[in-house]
Amino acid sequence: MSHIRKGLLGRDVVFVDGVRTPFGKAGEKGIYADTRADDLVIKCIRELMRRNPQLPAKRVDEVAIAATTQTGDQGMTIGRSAALLAGLPQSVPGFAIDRMCAGAMTAVTTTAGGIASGAYDVVVAGGVEHMGHHPIGAVFDPNPRFLAERIVSPDALNMGKTAENLHDRFPAITKERADAYAAASQRKVAEAYAAGDIQAALVPVASKKPGAGWTLNTVDEPPRPGTTVEDLAGLRTPFRPHGHVTAGNAAGLNDGATAALLADADTAAELGLPVRMRMVSFAFAGLEPEIMGYGPVPSTLKALDKAGLGIEDIGLFEINEAFAVQVLSFLDHFGIADDDPRVNRYGGAIALGHPLASSGVRLMTQLARQFEQDPTVRYGITTMCIGLGMGGTVIWENPHHPAFGTETSAPAGEAA
């Protein structure tokens, strides 16, 4: 492959740490039914500062928090309000951001650009979605021109229908394949929990439910361990009669928050902050909204091109599992097997949940953990599809790899 354009982002941007709340099921029976969305973010910010006591709070230059629905307890410029409520100095600014499912990813990439240019040295970036308080689409008011002028088809405004369209576009991705992938996600999450690989990033959250008192939530609520393909086969297909997409091979409706610390490499060294990953490149791309789930393909191609890398150089993939068909279409495009061990080693959103704007940082924390466990892998990606026809991809370098930071990528065909 060609030389990596080291310094592509200006100053080197490093991922210092990432945390998240356990994810809950949305709705009145979920663990966070009576918990505010902003309080979930506050927990994450406080935990980042607790875990990194060598970082003076006044050295945080920005707090960027994403939310798809920016009203109620997800409103009031949540980056600023959460920073104040978390106890950061009043001198620390903050803002809110929205790119639907890639909100937290965009919070990371946007502030990374600021770090690279010298505007920031240290930032907090993350996201939250309380889908119990703010059901998806509940307060949206799409411009009637979308449909009247045929800018998009009606399917583009319903994510489940876009997933069915992907099945139509790629008939080799059968319901049976989607169900098998979904069952594997559940199995991998159970195995990761048993190995202690997920708990390290979780912030315990106390919540109170009417009639049940206080509970300390330390694990994700959505996973269904022991799920089999046979269990999934009989589920109804709500988006199309005799369709392919079910509640079992798609992510659910969830509540949760994430946050990450990013810094430039020199500031991390100055303050003694750990370096868990180095950002190599990132890219966002658009495509037909009707096949929204295919977005990670063009965004990954774009990010690889910017980095001077090929898909064969990527040793680990963290792909958000909005729908099984979305992941499978990505794997098929790049010639990767459904059960490739490089893909979602700890399982994904089908089992863990997908609280929209928060999920991008979950992918990053999981990739960082895998980098620590496998120093033979040099590059990994975090990627996800985004509503209204977009994809987002970030390429990261493993600081534990022997060639970390050098100019030349691995030879073609090597994933090191």
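Our structure's up above, just so we're on the same page.
The structure presented is a predicted model; accordingly, all values stated were derived computationally and were not measured. (Residues numbered from 1 in each chain as written. Predicted model: local features only at pLDDT ≥ 70, side-chain atom pairs only at ≥ 80, totals over all residues. Heavy atoms only, no water.)

Engineer: Whenever I open this one, the overall build of the chain confuses me. Can you help?
Structural biologist: A count of helices and strands for the chain gives 12 helices and 12 strands. In terms of C-alpha radius of gyration, the chain reaches 20 Å, essentially the compact-globule figure of 22 Å for 416 residues. Each of the three principal axes of the chain carries a C-alpha extent, and together these read 60 × 55 × 50 Å. Relative to its full complement of 416 residues, the chain shows a buried share of 58%. Expressed as a percentage of contacts within the chain between residues at least 6 apart in sequence, the contacts between residues at least 24 apart total 80%. As displayed, the chain has an accessible area near 15600 Å², and 56% of this comes from carbon and sulfur atoms. Positive and negative side-chain charges in the chain, numbering 37 and 46 respectively, have mean positions lying 3 Å apart. (Helix = DSSP H or I, 4+ residues; strand = E, 2+ residues; numbered from the N terminus. Rg over C-alpha atoms; globule rule 2.2 N^0.38 Å. Buried < 20%, exposed > 50% of the residue type's maximum accessible area, 1.4 Å probe, protein only. Contact = heavy atoms within 4.5 Å. Areas by Shrake-Rupley, 256 points an atom, 1.4 Å probe, with all protein chains shown as cover. Lys, Arg positive; Asp, Glu negative; His and termini not counted. Charge placed at Lys NZ, Arg CZ, Asp CG, Glu CD.)

Engineer: When you look at the nonpolar core in this model, what are you seeing that I'm missing?
Structural biologist: A general trend in soluble globular proteins is that nonpolar side chains are found buried together. If you look at the biggest cluster of nonpolar residues, it comprises 41 residues, and the most contacted ones within it are Ile314, Phe317, Phe323, Phe330, Leu331 and Ile395. When residues of this core are assigned to their parent elements, the largest contribution, six residues, is made by helix H10 (residues 324-333). Among residues more than four places away in sequence, those in contact with Phe317 are Ile311, Phe330, Ile336, Arg342, Val343, Asn344 and Ile381. In this structure, Val123, Ala125, Phe371 and Trp396 belong to the second largest nonpolar core, which totals 37 residues. (Core = buried A, V, L, I, M, F, W, Y, C linked by side-chain atoms within 4.5 Å.)

Engineer: So what exactly am I meant to see when it comes to the environment of Glu149 here?
Structural biologist: In this structure, Glu149 sits in the loop between helix H4 (145-148) and helix H5 (159-169). Taking relative accessible area as the criterion, Glu149 reaches 46% and is therefore assigned partly exposed. Sequence separation between Glu149 and Gly127 is 22 residues; the distance between their C-alpha atoms is 33 Å.

Engineer: Is there a simple way to explain the pattern of salt bridges in this structure?
Structural biologist: A side chain with one charge can pair with a side chain of the opposite charge if their charged atoms come near. Across all of its chains, the model carries 22 salt bridges by this definition. One salt bridge in this structure joins Arg11 and Asp121, with 3.1 Å as the shortest N-O distance. Here the residue Arg11 occupies a position in the segment before strand E1 (13-20), and Asp121 occupies one in the loop between helix H3 (103-117) and strand E5 (122-130), the gap between them amounting to 110 residues. Under the relative-accessibility criterion, Arg11 is labelled partly exposed at 28%. Its relative accessible area of 23% is what places Asp121 among the partly exposed residues. In this structure, Glu270 engages Arg59 in a salt bridge whose closest nitrogen and oxygen atoms are separated by 3.1 Å. With Glu270 in helix H8 (residues 265-271) and Arg59 in the loop between helix H1 (37-51) and strand E3 (62-66), the pair connects residues that are 211 residues apart, well separated along the chain. Taking relative accessible area as the criterion, Glu270 reaches 54% and is therefore assigned exposed. A single network of salt bridges, built from pairs that share partners, joins Asp12, Arg278, Arg378 and Glu397. (Salt bridge = Lys/Arg side-chain N within 4 Å of Asp/Glu carboxyl O.)

Engineer: Just to check I follow, could you spell out the side chain of Thr21 for this structure?
Structural biologist: Mapping Thr21 onto the fold places it in the loop between E1 and strand E2 (24-25). Thr21 sits in the buried class, given a relative accessible area of 0%. Look past the residues within four positions of Thr21 in its chain and what remains in contact with it is Tyr32, Leu40, Cys44, Leu202, Val203, Val205, Asp220, Gly256 and Ala257.

Engineer: Whenever I open this one, a nonpolar patch on the surface confuses me. Can you help?
Structural biologist: A cluster of nonpolar side chains, namely Ile136, Val139, Phe140 and Leu253, defines an oily patch on the protein surface of about 390 Å² accessible area. On the secondary structure map, Phe140 appears in the loop between E5 and H4. Under the relative-accessibility criterion, Phe140 is labelled partly exposed at 40%. (Patch = residues over 30% accessible without salt bridge, like charges linked within 9 Å, V, L, I, M, F, W, Y side chains within 5 Å.)

Engineer: What should I look at first to understand the pairing of E1 in this one?
Structural biologist: Each regular strand shows side chains that alternate between the opposite faces of the sheet. By the criterion of burial, E1 is predominantly enclosed, with eight of the eight residues buried. Pairing of E1 with strand E8 (residues 254-264) involves seven bridges; the strand directions are antiparallel. Bridge pairing in E8 places Phe15 opposite Leu262. Pairing of E1 with strand E9 (residues 277-286), which is carried by two bridges, proceeds in the antiparallel orientation. Each bridged residue has a counterpart across the sheet, and for Val14 the counterpart in E9 is Arg278. (Pairing = 2+ DSSP bridges.)

Engineer: Teacher, can you tell me more about the packing of helix H6 (residues 175-194) against H10 here?
Structural biologist: Between two packed helices, the angle of one axis relative to the other and the distance separating the axes together describe the packing. Two elements in contact, H6 and H10, have axes separated by 9 Å at closest approach and are oriented at 100°. When the interaxial angle is binned, H6 and H10 end up roughly perpendicular. Residues Arg177, Ala178 and Tyr181 of H6 pack against Ala324, Val327, Leu328 and Asp332 of H10. For the contact of H6 with H10, the class distribution of residues is five nonpolar, no polar and two charged. (Axes fitted to C-alpha atoms, helices over the stretch in contact; angles between N-to-C directions. Parallel < 35°, antiparallel > 145°, perpendicular 65-115°, else oblique. Nonpolar A, V, L, I, M, F, W, Y, C, P; charged D, E, K, R; others polar.)

Engineer: Got a minute to help me understand the packing of aromatic side chains in this structure?
Structural biologist: Aromatic ring pairs are defined here through the distance separating the ring centres and the angle between the ring planes. Following the criterion strictly, the structure yields five aromatic pairs and no others. Residues Phe282 and Phe284 carry aromatic rings whose centres are separated by 6.4 Å and whose planes lie at 65° to one another, so their mutual orientation is edge-to-face. The partly exposed category is assigned to Phe282, whose relative accessible area is 23%. With 6.2 Å between their ring centres and 70° between their planes, Phe317 and Phe330 make a pair best called edge-to-face. Of this pair, Phe317 sits in strand E10 (residues 314-319) while Phe330 sits in helix H10; the two residues are 13 residues apart in sequence, bridging distant segments of the chain. Residue classification places Phe317 among the buried residues on the basis of a relative accessible area of 0%. Sitting over the face of the ring of Phe23, Arg20 holds its NZ or CZ atom 4.5 Å from the ring centroid. Above the face of the Phe284 ring, Arg99 is positioned so that its terminal group lies 3.8 Å from the ring centre. (Phe/Tyr/Trp six-rings, centres within 6.5 Å; stacked < 30°, edge-to-face > 60°. Lys NZ or Arg CZ within 6 Å of the ring centre and 35° of its normal.)

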